[in-house]
Every structure is written in structure tokens, then in C-alpha cells.
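Listed here are the chains, written in short residue letters.
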Amino acid sequence: AAQNIGVKFDERTALKGAGLSVRPGDVVGLVGPNGAGKTTLLRVCANLLKPRTGDVMFEKQPLDAMKARTRARAIAFLPSGAPCHWPLEVYQAVALGRHPHLAPWENRGPADVAAIEAALELADAGDFRGRSVLELSDGERARVMLARALAGEPRLLLADEPVAGLDPLHQLKVMGVLAAMAGKGDSVVVTLHDLSLAARFCNRIVLLDNGEVIAEGLPAEVLSQDHLAGVFGISAVRGDHQGVSYILPWSAAEKSET
């Protein structure tokens with residue numbers, strides 16, 4: 001739970017009084033226009049950015065009071081853009097996700113190997129396990145970084161635009177993996193620009209604009225026509241397929257006359 005989070009960069013206010021809560025089994029989608037504060041809030045929740053105001057609690061204890069190793073075992077942060085600056089083989093890059101579970105200089109055991117293999121399979125990255133991550137396309141590398149996060153078997157995954165740059169099939173696969181995590185009782189907070197994926201795969205949505213939470217709740221409530229017009233400046237087409245609601249951004253919203 002993050003409450004009353006305030007963040008400023010020099011004179012620019014990035015977040016003001018923002019917050020969110022996530023429960024076991026949740027896939028919480030952070031949505032909003034560019035510059036709304038989504039990534040900043042996610043970084044605060046990962047203890048990568050100290051807020052000026054507010055606090056973050058994890059399982060009833062202050063996040064910044066947790067031991068680093070304990071926090072790293074419980075929470076994984078997946079940054080946008082899948083950055084990796086060393087020519088590691090894919091398998092070794094994914095294996096880094098097990099480090100919080102190992103003592104210094106401890107070799108990986110059967111449980112670690114099993115977790116790495118499972119993560120490679122879930123992220124559909126096993127076919128290039130022996131290649132250098134620097135030789136991969138952006139989309140392939142994004143799947144490898146997802147596998148690295150999954151290898152740590154976190155109870156909470158904070159994922160910043162994990163489907164950006166992926167082809168449609170792998171967008172669906174990645175969102176399916178996040179939903180499966182929640183189905184096992186773990187928790188996910190994910191920033192998304194694809195409102196259709198957010199409506200389909202997230203059970204709760206937090207809508208941000210100009211650093212403030214505009215709405216929070218069920219996708220159908222938060223992604224209403226009024227919110228889409230007021231925050232994104234768009235109208236959308238809605239429908240249902242196989243019992244699942246979808247939303248398709250369609251056009252710029254008509255401006256109301258004053």
C-alpha cells in the first residue's frame with residue numbers, strides 16, 4: 001500500500017498525494033497519459049525512489065525498513081525498455097533473478113535451476129538461452145528481462161510497460177503470465193498504455209493524470225467514456241467477446257461547447 005505519495009524533480013511536481021493498494025491475487029493496472037506519474041509511482045513502490053511525502057507498506061511493515069535481501073526476494077521490478085548493458089548469455093541473465101535467494105558465493109541448487117527453467121518457458125525465451133542479450137531484438141530482450149524477474153519467484157511484481165515493443169502474440173502471452181501469477185495468489189502492478197489489455201487482464205485500474213489519482217476501481221468504472229475523454233481526450237468503442245469486455249480507442253473526443 002502506498003499512501004499520499006509526493007515526488008518533485010527540481011521544480012516539477014511528478015506526484016501529489018498519489019497512492020494505490022494491491023492485494024494477493026490482484027493485477028492492478030496503472031494507466032494514464034504520458035507524464036502522468038505512472039513510472040514514478042512504480043519506482044516509489046519498488047523503493048528505488050524516495051518520496052518527499054507519504055509512505056509505502058509491504059505486508060504491514062515499512063518498505064524502506066525491510067532488509068534489502070528480504071525485499072529483493074519479495075518484490076521484483078521490471079523496468080521499461082528491458083535495459084541490459086553487458087554481453088551476458090540469456091540463461092545467465094535470467095539466472096541473476098535467483099541472486100536474492102543465494103548466500104554470497106553459493107552455487108545454484110536444483111530449486112534455482114527449476115525456477116530459471118520455468119521462467120524461461122513462461123516468458124517464451126528458452127529458444128535463445130545461449131545467445132547474448134545484446135544480440136536480441138528489443139522485443140526478445142524484453143521477454144528475457146521478464147524471465148529474470150519471474151526467476152526470483154516474487155510475491156509482488158512491479159512491471160513498467162512490459163508489453164511495449166512486443167508483437168501481438170507476445171503481448172497476449174505476457175499479460176497471460178501476469179494473470180497466472182495473480183491466479184496463484186501473487187500480486188502484480190503493471191503500467192500500460194494499451195487500454196484494451198488493461199481492461200481485459202487487470203481486475204483493478206488506477207488512473208493517473210498530472211501526478212494525481214483520478215479514479216481507482218473496476219476497469220469498466222475507471223475506463224468510462226467521461227474519464228477517457230477528460231484524461232486521454234479520446235472516445236472508444238466497447239464490446240464483449242467470449243464473455244470478456246473490450247475497449248478500443250477510436251477517435252479524439254469531441255470538445256463540449258462552453
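As a convention, each chain's residues are numbered from 1 in the sequence order in which they are written. With pLDDT at 70 or above as the cut-off, local features in this predicted model cover only qualifying residues; side-chain atom pairs require 80 or more to be listed or tallied, and sums for whole chains, interfaces and linings still use all residues. Hydrogens and water are ignored here; the side-chain numbers use all heavy atoms of the structure.

### Regarding the overall build of the protein chain
At step 1: When helices and strands are tallied, the protein chain shows nine helices and 12 strands.
At step 2: We compute the radius of gyration from the C-alpha atoms alone; for a globule the expected value is 2.2 Å times N to the 0.38, where N is the number of residues. Scaling as 2.2 N^0.38, a compact globule of 258 residues should have a C-alpha radius of gyration of about 18 Å, and the protein chain matches this with 19 Å.
At step 3: Once the C-alpha set of the protein chain is aligned to its principal axes, its extents read approximately 70 × 40 × 35 Å.
At step 4: Counting over 258 residues, the protein chain shows a buried share of 45%.
At step 5: Pairs at least 24 residues apart make up 63% of the contacts formed inside the protein chain by residues separated by at least 6 positions.
At step 6: Computed by Shrake-Rupley with a 1.4 Å probe, the accessible areas treat only the displayed protein chains as cover when residues are assessed. Accessible surface, the protein chain as shown: approximately 13300 Å² in total, 51% of it carbon and sulfur.
At step 7: Positive residues here are Lys and Arg, negative ones are Asp and Glu, while His and the chain termini are left out of the count. In this description, the location of a charge corresponds to atom NZ of lysine, CZ of arginine, CG of aspartate or CD of glutamate. With 27 positive and 30 negative side-chain charges, the protein chain shows a separation of 6 Å between the mean positions of the two kinds. Helix and strand assignments come from DSSP, with helices taken as H or I runs of at least 4 residues and strands as E runs of at least 2, each series counted from the N terminus. Burial classes follow relative accessibility: with a 1.4 Å probe on protein chains only, a residue under 20% of its type's maximum area counts as buried, one over 50% as exposed, and anything between as partly exposed. Should any heavy atoms of two residues lie within 4.5 Å, those residues are considered in contact.

### Focus: the sheet that holds strand β4 (residues 53-58)
Pairing between the strands of a sheet is mediated by backbone hydrogen bonds and can be parallel or antiparallel.
At step 1: Here we have four strands laid out as an open sheet, ordered β2-β1-β4-β5, and antiparallel in their pairing. The sheet terminates laterally at β2 (12-20) and β5 (61-62), the two strands that pair on one side only.
At step 2: The axes are straight lines fitted to the C-alpha atoms, using for helices just the contacting stretch, and the angles between their N-to-C directions are given from 0 to 180°. Most of the contacts of helix α1 (residues 38-45) go to strand β1 (residues 2-9), to which it runs at about 115 degrees, and overall it touches β1, β2 and β4. Two strands are said to pair when DSSP picks up at least two bridges between them.

### Quick word on the nonpolar core
At step 1: Each nonpolar core is a collection of buried residues, namely Ala, Val, Leu, Ile, Met, Phe, Trp, Tyr and Cys, held together in the definition by side-chain atoms within 4.5 Å. Counting residues in each nonpolar core, the largest one holds 56 residues, and the members touching the most others are Val90, Val94, Val144, Leu157, Val190 and Leu223.
At step 2: Residue contributions to this core peak at eight residues, all from helix α5 (residues 138-151).
At step 3: Contacts of valine 144, omitting those with residues within four sequence positions, involve Val90, Ala93, Val94, Ala125, Phe128, Val133 and Leu136.
At step 4: Ranked by size, the runner-up nonpolar core spans 26 residues in total, among them Ile5, Leu41, Phe58 and Ala74.

### Overview of the environment of glycine 185
At step 1: Among the secondary structure elements, glycine 185 is positioned in the loop between α6 (168-183) and β8 (187-191).
At step 2: The spacing of glycine 185 and serine 21 is 164 residues in sequence and 15 Å in space, taken between C-alpha atoms.

### Side note on the pattern of salt bridges
At step 1: Take a side-chain nitrogen of Lys or Arg and a carboxyl oxygen of Asp or Glu: if they are within 4 Å of each other, that pair is a salt bridge. Taken as a whole, this structure holds 12 salt bridges when the rule is applied.
At step 2: Close ionic contact of glutamate 140 with arginine 131 constitutes a salt bridge, the shortest N to O distance being 3.9 Å.
At step 3: Via salt bridges that share partners, Arg23, Asp26, Arg204 and Glu216 belong to a single interconnected network.

### Things to note about the sheet that holds β8
At step 1: Across the sheet, which stays open at both edges, the six strands sit in the order β6-β7-β8-β3-β9-β10 with mixed pairing between neighbours. Every interior strand has two partners, whereas the edge strands, β6 (75-78) and β10 (212-217), have only one. Neighbouring strand axes in the sheet, compared pairwise and without regard to direction, differ in orientation by 15 degrees on average.
At step 2: When β6 meets strand β7 (residues 156-160), the two strands line up parallel, connected through four bridges. Looking at the pairing, leucine 78 lines up with alanine 159 of β7.
At step 3: Where α6 meets the sheet, it contacts β3 (27-31), β7 and β8, and its direction lies at approximately 150 degrees from that of β8.

### Considering the packing of helix α4 (residues 110-122) against α5
At step 1: Look at α4 against α5: their axes get within 8 Å of each other, and the N-to-C directions meet at 140 degrees. You can see that α4 and α5 cross each other, and the crossing is right-handed. Mapping the contact onto sequence places Ala115, Ile116, Ala119, Leu120 and Leu122 in α4 and Ala147, Leu150 and Ala151 in α5.
At step 2: Under the convention adopted here, Pro, Cys and the residues Ala, Val, Leu, Ile, Met, Phe, Trp and Tyr are nonpolar, Asp, Glu, Lys and Arg are charged, and Gly plus all remaining residues are polar. Each residue belonging to the contact of α4 with α5 can be placed in one class, and the counts come to eight nonpolar, no polar and no charged. Helix crossings are classified by the rotation of the near helix relative to the far one: an anticlockwise turn of less than a right angle makes the crossing left-handed, while a clockwise turn makes it right-handed.

### Examining the pairing of β1
At step 1: Summarising the sheet, β1 and β2 pair through five bridges and their orientation is antiparallel. Residue pairing for β2: valine 7 is matched across the bridge by leucine 15.
At step 2: Between β1 and β2, which follow one another and run antiparallel, lie two residues, and aspartate 10 among them has a positive phi close to 55 degrees.
At step 3: Examined bridge by bridge, β1 and β4 share three bridges and lie antiparallel to one another.

### A closer look at the environment of threonine 191
At step 1: With respect to the helices and strands, the residue threonine 191 is situated in strand β8.
At step 2: The buried category is assigned to threonine 191, whose relative accessible area is 1%.
At step 3: It is 5.7 Å that separates the C-alpha atoms of threonine 191 and glycine 29, two residues lying 162 residues apart in sequence.
At step 4: With residues near it in sequence (within four places) discarded, threonine 191 still touches Leu30, Lys38, Leu42, Ala159, Asp160, Glu161 and Pro162.
At step 5: Identification of polar contacts relies on pairs of N or O atoms within 3.5 Å, with a donor-acceptor requirement for protein atoms, meaning one able to donate a hydrogen and the other able to accept it, and with residues adjacent in sequence counted only if both atoms are side-chain atoms. For threonine 191, the side chain forms a polar contact with the side chain of aspartate 160, separated by 2.6 Å.

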